[in-house]
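# Understanding the architecture of this molecule
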Amino acid sequence: MTTPQQYDVVVVGGGPAGLNGAMMLARSRRSVAVVDSGRPRNAASAAAHGLFARDGTAPAELLATGRAEVRRYGGTVVAGEVVGARRDGDGFTVTLAGGAVLGARRLLVTTGLTDVLPDVAGLAQGWGDDVVHCPYCHGWEVRDRPIAVLGVGPMSMHHALMFRQLSADLVFVAHSVAPTPEQRERCDALGIRVVDGPVLEVVRTADGAVGGLRTADGVVPCAVVAVATRMEARAGFLDELGLVPVEHPSGAGHHLVADGTGRSEVEGVWVAGNVTDLMAQVGAAAAAGALAGAAINGDLVEADAVAAVARHRDAARI
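Just so we're clear, the structure is a prediction, and the values are computed from it rather than from any experiment.

## A few points about the overall build of the chain
Counting secondary structure elements, the chain contains six helices and 19 strands. Long-range pairs, those at least 24 residues apart, make up 58% of the contacts in the chain between residues at least 6 apart in sequence. Total accessible area on the chain is roughly 15300 Å²; 53% of this is exposed by carbon and sulfur atoms. Between the centroid of the 27 positive side chains of the chain and the centroid of its 34 negative side chains there is a distance of 7 Å.

This is the structure we're talking about:
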């Protein structure tokens, strides 16, 4: 049996959180490998927005730059998908889809999340273009256009208020969640029209653009659909370690629980980015990765010092 390549840290997920965490570790002279499946959450977006000094940069360009920075400091970036992780002594063994295995003293999980869209015909077709979810990521680009906010969950009315800041031409379509009387009063005061009843399909124009939402009573015209997706952490490979996503307090999806540094409930495993913070944008995810990377290095520094003292004592006894 081949001995797995050993690293101080294996980072699972090569997005902003994972790459920034890996860079912090590599700059601290830790051996680190980033395993990246190549399926970033924002792949459908033309540009990343709200990111200091890099606003408008294509997501692929950001990731390419991040991978180059990790490699510059001696880190390794592996193309692949992690399908399992298990405890191996004081560390971990990580298994990739092709059967390759990596050994690690610590794990940093930055696999992000999956946006689950409601089952409405034609909705997924425009994802990241004229079907959007984040007012900070896409809001400026759809400003002043006719926007329909789809009522699908506990965040939907807040969503409507956020997009009202960007366009006065706004309608709230109560697909599966209807506004409360208090929320309807807010809509009236802000000029947000409310349409009741489920959406049957997204109506598109001849050129494929959004033209409206069809309900049982007819078509509600719009050019943009805003929908608060259900966000689900990508973490199934952690089952054997007993690290399981739980429902987020907001009700917007499920996530992995961690402390302020990203330390999870499983000893030796840190998490960062959208896998734990559902609302984190690119900059916040990268910052969380850096914090987690520094915390892991600090943990390893302490472990190395304890081990060095033990060796020193053993040598003194000879």
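Having seen the model, we can carry on.
## With respect to the packing of helix 4 (residues 156-164) against helix 5 (residues 181-190)
Two elements in contact, helix 4 and helix 5, have axes separated by 11 Å at closest approach and are oriented at 10°. With respect to helix 5, the axis of helix 4 lies roughly parallel. Every residue of helix 5 that contacts helix 4 at M157, L161 and R164 is listed here: Q183, R186, C187 and L190. Residue composition of the contact of helix 4 with helix 5, grouped by class: four nonpolar, one polar and two charged.

## Section: the layout of surface pockets
Empty pockets left among the atoms are what a rolling probe the size of a water molecule brings to light. In this structure, the second largest pocket encloses a volume near 370 Å³. D88, G89, D90, G91 and R105 are, among the 21 residues lining the second largest pocket, the residues nearest its centre. Contributions of two or more residues to the lining of the second largest pocket are made by strand 4 (82-88), strand 5 (91-96), strand 6 (101-109) and helix 6 (282-317). Top contributing element to the lining of the second largest pocket by residue count: strand 6, with five residues.

## A short note on helix 6
Taking 1.5 Å per residue, 36 residues should reach 52 Å; helix 6 reaches 53 Å between its end C-alpha atoms and fits that length. Buried residues of helix 6: A285, A286, G289, A290, A292, G293, A295, I296, N297, D299 and L300, and no others.

## Some details on the packing of aromatic side chains
In this structure the tally under the stated criterion is zero aromatic pairs. Of note, R143 hangs over the ring of W140, and the distance from its end group to the ring centre comes to 4.0 Å.

## Focus: the UniProt feature "domain: FAD/NAD(P)-binding" (unreviewed entry) in the chain
Look at the UniProt record and you will see "domain: FAD/NAD(P)-binding" (unreviewed entry) annotated at residues 7-289. Along residues 7-289, the helical share is 20% and the strand share 31%, with 18 Å between the first and last C-alpha atoms.

## Digging into the packing of helix 1 (residues 16-27) against helix 2 (residues 59-72)
Helix packing geometry: the angle between the two helix axes and the distance between the axes. At a minimum axis separation of 9 Å, helix 1 and helix 2 run at an interaxial angle of 20°. What the angle tells us is that helix 1 and helix 2 run roughly parallel. In the packing of helix 1 onto helix 2, the handedness of the crossing is left-handed. Here helix 1 contributes P16, L19, A22, M23 and A26 to the contact with helix 2, which in turn contributes L63, G66, R67, E69 and V70.

## Remarks on helix 4
Along helix 4, the residues classified as buried are S156, M157, H159, A160 and F163. Viewed along the axis of helix 4, the buried residues span an arc of 150°, placing them on a single side of the element. Summarising the contacts, the buried residues of helix 4 are in contact with strand 8 (131-132), helix 3 (135-138), strand 9 (147-150), strand 10 (170-174), helix 5 and strand 15 (224-227).

Rules and cut-offs
Residues numbered from 1 in each chain as written. Predicted model: local features only at pLDDT ≥ 70, side-chain atom pairs only at ≥ 80, totals over all residues. Heavy atoms only, no water. Helix = DSSP H or I, 4+ residues; strand = E, 2+ residues; numbered from the N terminus. Contact = heavy atoms within 4.5 Å. Areas by Shrake-Rupley, 256 points an atom, 1.4 Å probe, with all protein chains shown as cover. Lys, Arg positive; Asp, Glu negative; His and termini not counted. Charge placed at Lys NZ, Arg CZ, Asp CG, Glu CD. Axes fitted to C-alpha atoms, helices over the stretch in contact; angles between N-to-C directions. Parallel < 35°, antiparallel > 145°, perpendicular 65-115°, else oblique. Nonpolar A, V, L, I, M, F, W, Y, C, P; charged D, E, K, R; others polar. 1 Å grid on protein atoms, 1.4 Å probe; cavity = no way out; pocket = protein on both sides within 12 Å on 5 of 7 lines; lining within 4 Å. Points joined across faces, edges and corners; volume = space filled by probe spheres on them. Expected span 1.5 Å × (residues − 1). Buried < 20%, exposed > 50% of the residue type's maximum accessible area, 1.4 Å probe, protein only. Phe/Tyr/Trp six-rings, centres within 6.5 Å; stacked < 30°, edge-to-face > 60°. Lys NZ or Arg CZ within 6 Å of the ring centre and 35° of its normal. UniProt positions renumbered as here; feature names shortened; annotations may be inferred. Left-handed = near helix turned anticlockwise from the far one by under 90°. Arc of directions from axis to C-beta.

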